[in-house]
Amino acid sequence: MEEITEGMNNVNINNNGNDFHKKNRIQVSNTKKPLFFYVNLAKRYMQQHNEVELSALGMAIATVVTVAEILKNNGLAVEKKITTSTVDMKDESRGRPIQKAKIEILLGKTENFDELMAAAAEEREAGDAEE
């Protein structure tokens, strides 16, 4: 759990002109953290804020979609909104402008989210007690 808490402190919060400071946004990278780091972080955000926004650029889009599908298939989340767009960026190596694909997926808690999370916590505790 320490890793998740540490990760929450290090998550980038996007704050451009048309966005208020969103505390429930996770910007996913496909290189920095393992997949289940983002799954567990999203669960934590949903516990705190009732919804989470997953955001990614370029190659990380597949990671965001996978995280969202894992949460949905486990009965923890429902899709509220999906937004796609392109973002103008500067190519670091060539110094010219490029466009990158961007996705934002807003997920909300399911009705039985809290029950499922409590059951998972009980299973973990029972597993720890056996060791």
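For the protein chain, an unreviewed UniProt entry supplies the name DNA/RNA-binding protein Alba-like and the organism Dillenia turbinata.

Engineer: An account of a negative patch on the surface is needed here, citing residue identities and associated values.
Structural biologist: On the surface, a cluster of negative charge is contributed by Glu122, Glu123, Glu125 and Asp128. With a relative accessible area of 55%, Asp128 lands in the exposed category.

Engineer: So what about helix H3 (residues 61-73)? Which residues, and what values?
Structural biologist: With 13 residues, H3 should cover 18 Å at 1.5 Å per step; its first-to-last C-alpha distance of 18 Å lies within 8% of that length. Where H3 is concerned, the buried positions are Thr63, Val64, Val67, Ala68, Ile70 and Leu71. The arc enclosing the buried residues of H3, seen along the axis, measures out at 160°, which places them on a common side. Next to the buried residues of H3 lie helix H2 (35-49), strand E2 (51-57), strand E3 (77-90) and strand E4 (97-109).

Engineer: Describe the nonpolar core, listing the residues and the values that go with them.
Structural biologist: Membership of the largest hydrophobic core comes to 25 residues, with the highest contact counts inside it found for Ile26, Val52, Leu54, Val64, Leu71 and Leu107. Of all the secondary structure elements, the ones that give two or more residues to this core are H2, E2, H3, E4 and helix H4 (113-130). Broken down by element, the residue count for this core peaks at seven residues, all from H2.

Engineer: For the packing of aromatic side chains, give the residues involved together with the corresponding values.
Structural biologist: When we look at a pair of aromatic rings, we describe it by the centre distance and by the angle of the planes. Evaluated as defined, the whole model comprises one aromatic pair. Their ring planes at 80° and their centres at 5.4 Å tell us that Phe37 and Tyr38 sit as a pair that is edge-to-face. Residue Phe37 is classed as buried on the basis of its relative accessible area, which comes to 6%.

Engineer: Give me the packing of H2 against H3: which residues, what numbers.
Structural biologist: Contact pair H2 / H3: the axes reach a minimum separation of 10 Å and the direction vectors enclose 55°. With respect to each other, H2 and H3 are oriented oblique. When you trace H2 past H3, the crossing you get is right-handed. Contacts from Leu35, Phe36, Tyr38, Val39, Ala42, Lys43 and Met46 in H2 reach Thr63, Thr66, Val67, Ile70 and Leu71 in H3. Per-class residue counts for the contact of H2 with H3 are nine nonpolar, two polar and one charged.

Engineer: Go over the sheet that holds E4 with me, naming the residues and quoting the values.
Structural biologist: If you walk across this open sheet you meet the four strands as E1-E2-E4-E3, and the pairing is mixed. Only two strands of the sheet have a single neighbouring strand rather than two, namely strand E1 (25-27) and E3. Each neighbouring strand pair of the sheet contributes to a mean axis angle of 20°, computed without reference to strand direction. Sheet analysis places E2 next to E4, joined by seven bridges and oriented antiparallel. Bridged to Ala56 within E4 is Ile103. Each of E1, E2, E3 and E4 is contacted by H2, which is oriented at about 140° to E2, the strand it contacts most.

Scoring rules and cut-offs
- Residues numbered from 1 in each chain as written.
- Predicted model: local features only at pLDDT ≥ 70, side-chain atom pairs only at ≥ 80, totals over all residues.
- Heavy atoms only, no water.
- Patch = residues over 30% accessible without salt bridge, like charges linked within 9 Å, V, L, I, M, F, W, Y side chains within 5 Å.
- Areas by Shrake-Rupley, 256 points an atom, 1.4 Å probe, with all protein chains shown as cover.
- Salt bridge = Lys/Arg side-chain N within 4 Å of Asp/Glu carboxyl O.
- Lys, Arg positive; Asp, Glu negative; His and termini not counted.
- Charge placed at Lys NZ, Arg CZ, Asp CG, Glu CD.
- Buried < 20%, exposed > 50% of the residue type's maximum accessible area, 1.4 Å probe, protein only.
- Helix = DSSP H or I, 4+ residues; strand = E, 2+ residues; numbered from the N terminus.
- Expected span 1.5 Å × (residues − 1).
- Arc of directions from axis to C-beta.
- Contact = heavy atoms within 4.5 Å.
- Core = buried A, V, L, I, M, F, W, Y, C linked by side-chain atoms within 4.5 Å.
- Phe/Tyr/Trp six-rings, centres within 6.5 Å; stacked < 30°, edge-to-face > 60°.
- Axes fitted to C-alpha atoms, helices over the stretch in contact; angles between N-to-C directions.
- Parallel < 35°, antiparallel > 145°, perpendicular 65-115°, else oblique.
- Left-handed = near helix turned anticlockwise from the far one by under 90°.
- Nonpolar A, V, L, I, M, F, W, Y, C, P; charged D, E, K, R; others polar.
- Pairing = 2+ DSSP bridges.

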